[in-house]
Amino acid sequence: MPGQISLLGPGMYIFFAFFILIGIFGVWMMIDTMRSKRRNRKMFHNVPREPLSIYALCGGLYMVLLLLMIVLIAVYNKQNALAMVVLFAAPILVIAELAYLLRVVYPKPAKPAPKAKKDKS
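Predicted, not measured: the structure shown is a model, and the values here were computed from it.

Chemist: Please give an account of the pattern of salt bridges that cites residues and values.
Modeler: Across all of its chains, the model carries 1 salt bridge by this definition. As a salt-bridge pair, R35 and D32 come within 2.7 Å of each other at their nearest N and O atoms. For R35, a relative accessible area of 36% gives the class partly exposed. D32 gets classed as buried once you look at its relative accessible area, which sits at 2%.

What follows is the structure, given as structure tokens:
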């Protein structure tokens, strides 16, 4: 039928690849929080106030939801409500990943100590 719009085209594959890329970054964030370099930096510098396990939990939970959605779609061959959870969780995970990059990986440098003023006597 001419003029019919279908979701089964290149746009769907780009959209799906975007969700997989977000999941891969979530797994990277989960692995990066477990590195000793991040743990030591957190202990010796006051990098984030929150525990690093929150970031690992966000990344791991999203990837589990994404994989579960892929398996359920492959088995039942239809979309389900879990796809909507993954859809709405993607922007939240992107925000968590950006927060992780800005707060843990590339934190703001500490302010230098104020210099003592010299007397003019």
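Chemist: Tell me what's going on with the packing of helix α1 (residues 10-33) against helix α4 (residues 81-105), and back it up with residues and numbers.
Modeler: Between α1 and α4, whose axes approach to 10 Å, the crossing angle comes to 40 degrees. Viewed along their axes, α1 and α4 adopt a mutual orientation that is oblique. Seen along the crossing, α1 lies across α4 with a hand that is left-handed. Residues F15, F19, I22, F25, G26, W28, M29, D32 and T33 of α1 form the contact with α4, whose own contacting residues are V86, L87, A90, L93, V94, A96, E97, Y100, L101 and V105. Residues of the contact of α1 with α4, tallied by class, amount to 15 nonpolar, 2 polar and 2 charged.

Definitions and cut-offs
- Residues numbered from 1 in each chain as written.
- Predicted model: local features only at pLDDT ≥ 70, side-chain atom pairs only at ≥ 80, totals over all residues.
- Heavy atoms only, no water.
- Salt bridge = Lys/Arg side-chain N within 4 Å of Asp/Glu carboxyl O.
- Buried < 20%, exposed > 50% of the residue type's maximum accessible area, 1.4 Å probe, protein only.
- Axes fitted to C-alpha atoms, helices over the stretch in contact; angles between N-to-C directions.
- Helix = DSSP H or I, 4+ residues; strand = E, 2+ residues; numbered from the N terminus.
- Parallel < 35°, antiparallel > 145°, perpendicular 65-115°, else oblique.
- Left-handed = near helix turned anticlockwise from the far one by under 90°.
- Contact = heavy atoms within 4.5 Å.
- Nonpolar A, V, L, I, M, F, W, Y, C, P; charged D, E, K, R; others polar.

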